[in-house]
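# Chain and residue survey
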Amino acid sequence: HAEMENLRKRTQREIADAHKFGVEKFATSLLDVMDNLERALAVEEGNEAAFREGVKLTLNSWHEMMTRFEVKRIDAVGEAFDPHLHEALSQMPSEEPEGTVIAQHVAGYTLHGRLIRAAKVLVSSGPAA
């Protein structure tokens, strides 16, 4: 009986640790992105080209990190509106067929195929009458 109780307690500790530290690799990867942002801010004023280059490199490292963790961007412009992936902010007349995404205000994202944020989009209501 004592062995079962010890096993139960150990299992509970392991589960608690998994919840606490489950994002450790993700958080460590974010530290690299933060370091790059701090380096970009350390660029001397007036050197806009170096600052822009630093921001580009930081964005690239961000995208690489997201790919490693299976976070995928949803780019909706030109696609048919899908309520499972997109949140329509409004509809407006356009030369595009009705139901086509014509602009994206915020990109959507999936994590291992599960939607974690819908893309916020403008949808065509078809050509103006």
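What this report covers is the structure whose coordinates are included nearby. From a predicted model like this one, the values you see are computed outputs, not experimental measurements. (Residues numbered from 1 in each chain as written. Predicted model: local features only at pLDDT ≥ 70, side-chain atom pairs only at ≥ 80, totals over all residues. Heavy atoms only, no water.)

### Digging into the environment of Ala 18
- Examined against the element boundaries, Ala 18 turns out to sit in helix H1 (residues 2-21).
- With 17 residues separating them in the primary sequence, Ala 18 and His 1 have C-alpha atoms 26 Å apart. (Helix = DSSP H or I, 4+ residues; strand = E, 2+ residues; numbered from the N terminus.)

### So, the side chain of His 86
- On the secondary structure map, His 86 appears in strand E2 (residues 86-92).
- Setting aside chain neighbours within four positions, we find His 86 in contact with Ile 74, Ala 76, Ala 80, Phe 81, Val 101, Ala 118, Ala 119 and Val 121. (Contact = heavy atoms within 4.5 Å.)

### A short note on the sheet that holds E2
- The 3 strands lie next to each other as E2-E6-E3, forming an open sheet whose pairing is mixed. What marks the edges here is a single partner per strand, and that holds for E2 and strand E3 (101-106). Averaged over all pairs of adjacent strands, the angle between strand axes in this sheet comes to 30 degrees, irrespective of strand direction.
- For E2 and strand E6 (residues 119-124), the ladder comprises 6 bridges, and the chain directions are parallel. Bridged to Met 92 within E6 is Ser 124. (Pairing = 2+ DSSP bridges. Axes fitted to C-alpha atoms, helices over the stretch in contact; angles between N-to-C directions.)

### A short note on the packing of helix H2 (residues 24-41) against helix H3 (residues 48-68)
- Two elements in contact, H2 and H3, have axes whose closest approach is 8 Å; the angle formed by their N-to-C orientations is 175 degrees. Judged by the inter-axis angle, H2 sits roughly antiparallel to H3. For the pair formed by H2 and H3, the contact residues are Phe 26, Ser 29, Leu 30, Val 33, Asn 36, Leu 37, Ala 40 and Leu 41 on the first element and Phe 51, Gly 54, Thr 58, Ser 61, Trp 62, Met 65, Met 66 and Arg 68 on the second.
- Counted by class, the contact of H2 with H3 contains 10 nonpolar, 5 polar and 1 charged residues. (Parallel < 35°, antiparallel > 145°, perpendicular 65-115°, else oblique. Nonpolar A, V, L, I, M, F, W, Y, C, P; charged D, E, K, R; others polar.)

### Thoughts on the pattern of salt bridges
- The tally for this structure, following the rule as stated, stands at 5 salt bridges.
- Arg 8 is paired through a salt bridge with Glu 5; the nearest N and O atoms lie 2.3 Å apart. Pair noted here: Arg 8 and Glu 5 are both in helix H1, with a separation of 3 residues, about one helical turn.
- Exposure remark for Arg 8: the relative accessible area of 40% places this residue in the partly exposed category.
- The salt bridge partner of Asp 75 is Arg 73, with a shortest N-O separation of 2.7 Å.
- For Asp 75, a relative accessible area of 49% gives the class partly exposed. (Salt bridge = Lys/Arg side-chain N within 4 Å of Asp/Glu carboxyl O. Buried < 20%, exposed > 50% of the residue type's maximum accessible area, 1.4 Å probe, protein only.)

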